[in-house]
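Given next are the chains, with one letter for each unit.
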Amino acid sequence: MTIRAILFDKDGTFVDFDRTWGPAAFRVMERMAQGDRAGVERLMAVSEFDEVAMRFRPTSPLVAGSSADYGPLWAEALGRPFSSAFTDEMDVLFVEEGLAGLTPIGDPAGAIGALKARGLVLGVVTNDSENGARSQTARLGIDHHFDFIVGWDSGHGRKPAPGQITAFLHAWQMAPQEVVLIGDSLHDMHAARAAGVIAVGVTSGPLVPDGFADHADVVLPSFMELEAWLDSRV
């Protein structure tokens, strides 16, 4: 069946996770702790963050999760109640700091523009907030290429559940076999499998999970090889 749409994970797929979110998260921790070093250290501990390398360890809950997942850990570390107001505060700070150090993988403007020129419907499904996704795609100059952008807080759940993908399928009246999800984590591959869409893994993220290829239909070095892969299917 002809591929009509491509859904992109964001972080680790076309946004460099370590170079963007390592420094950004540290700044968010400092701001959430209001300059209290002990609070920062507690946040780094629950986040499995390496301050020397300024990056997350592969087992960090922040690598593939959303603020709804690790927010309770942060709230406990800061001695604050966990609530939607707490995650809202986190998300606002992550948007600000994520934009400050935003680093792309490859050439998103060129590569995604070329995919759009082929007549494909394009979307972003991310465990970042929707505002974060929209802000970063705008900063990269690619927001106008996307027909569908959702985050963990858009009302469709978060990966590895398939809700974000099935929302797209319903909105665009497409069969799962007509849609590709490309991402760097097992959360992405599990969501793709649950929705029945084609699962394309990339090894450009902060870690390549064990058995990654077993959960994907194909694994590419990065999303920059996606157009060549599409051509190879013809």
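The structure we're discussing is the one just above.
Since the model is a prediction, treat every value here as computed from it, not as a measurement.

Cut-off values and rules
Residues numbered from 1 in each chain as written. Predicted model: local features only at pLDDT ≥ 70, side-chain atom pairs only at ≥ 80, totals over all residues. Heavy atoms only, no water. Helix = DSSP H or I, 4+ residues; strand = E, 2+ residues; numbered from the N terminus. Buried < 20%, exposed > 50% of the residue type's maximum accessible area, 1.4 Å probe, protein only. Lys, Arg positive; Asp, Glu negative; His and termini not counted. Salt bridge = Lys/Arg side-chain N within 4 Å of Asp/Glu carboxyl O. Polar contact = N/O pair within 3.5 Å; in protein donor to acceptor, adjacent residues only side chain to side chain. Contact = heavy atoms within 4.5 Å. 1 Å grid on protein atoms, 1.4 Å probe; cavity = no way out; pocket = protein on both sides within 12 Å on 5 of 7 lines; lining within 4 Å. Points joined across faces, edges and corners; volume = space filled by probe spheres on them. Nonpolar A, V, L, I, M, F, W, Y, C, P; charged D, E, K, R; others polar.

A.B. asks: Give a detailed account of the side chain of Asp16, specifying residues and quantitative values.
C.D. replies: With respect to the secondary-structure elements, Asp16 resides in the loop between β1 (5–8) and α1 (17–32). No salt bridge is formed by the buried Asp16, whose closest oppositely charged neighbour, Arg19, lies at an N-O distance of 4.3 Å. Only 3.3 Å separates the side chain of Asp16 from the backbone nitrogen of Asp18, close enough to count as a polar contact. Discounting residues that sit within four places of it in the chain, Asp16 has contacts with Trp21, Thr103, Pro104 and Ile105.

A.B. asks: So what about unusual backbone geometry? Which residues, and what values?
C.D. replies: The omega angle of the peptide bond from Lys159 to Pro160 is 20°, so this bond is cis rather than trans. Summarising the element assignment, Pro160 is placed in the loop between β5 (148–150) and α7 (163–172). Even without being glycine, Gln34 reaches a positive phi, approximately 55°. Of note, Gln34 is situated in the loop between α1 and α2 (37–47).

A.B. asks: Before we move on, could you go through empty space enclosed by the protein and cite the residues and values that matter?
C.D. replies: Take a probe with the size of a water molecule and roll it over the atoms, and the empty space left behind shows itself. Applying the stated criterion to the full structure yields 1 cavity of 30 Å³ or more. In this model, the largest cavity occupies a volume close to 310 Å³. Lining the largest cavity are 25 residues, with Asp11, Phe17, Leu62, Val63 and Gly65 positioned closest to its centre. For the lining of the largest cavity, the leading source of residues is α1, giving 3 residues. Within the lining of the largest cavity, the residues separate by chemical class into 11 nonpolar, 7 polar and 7 charged.

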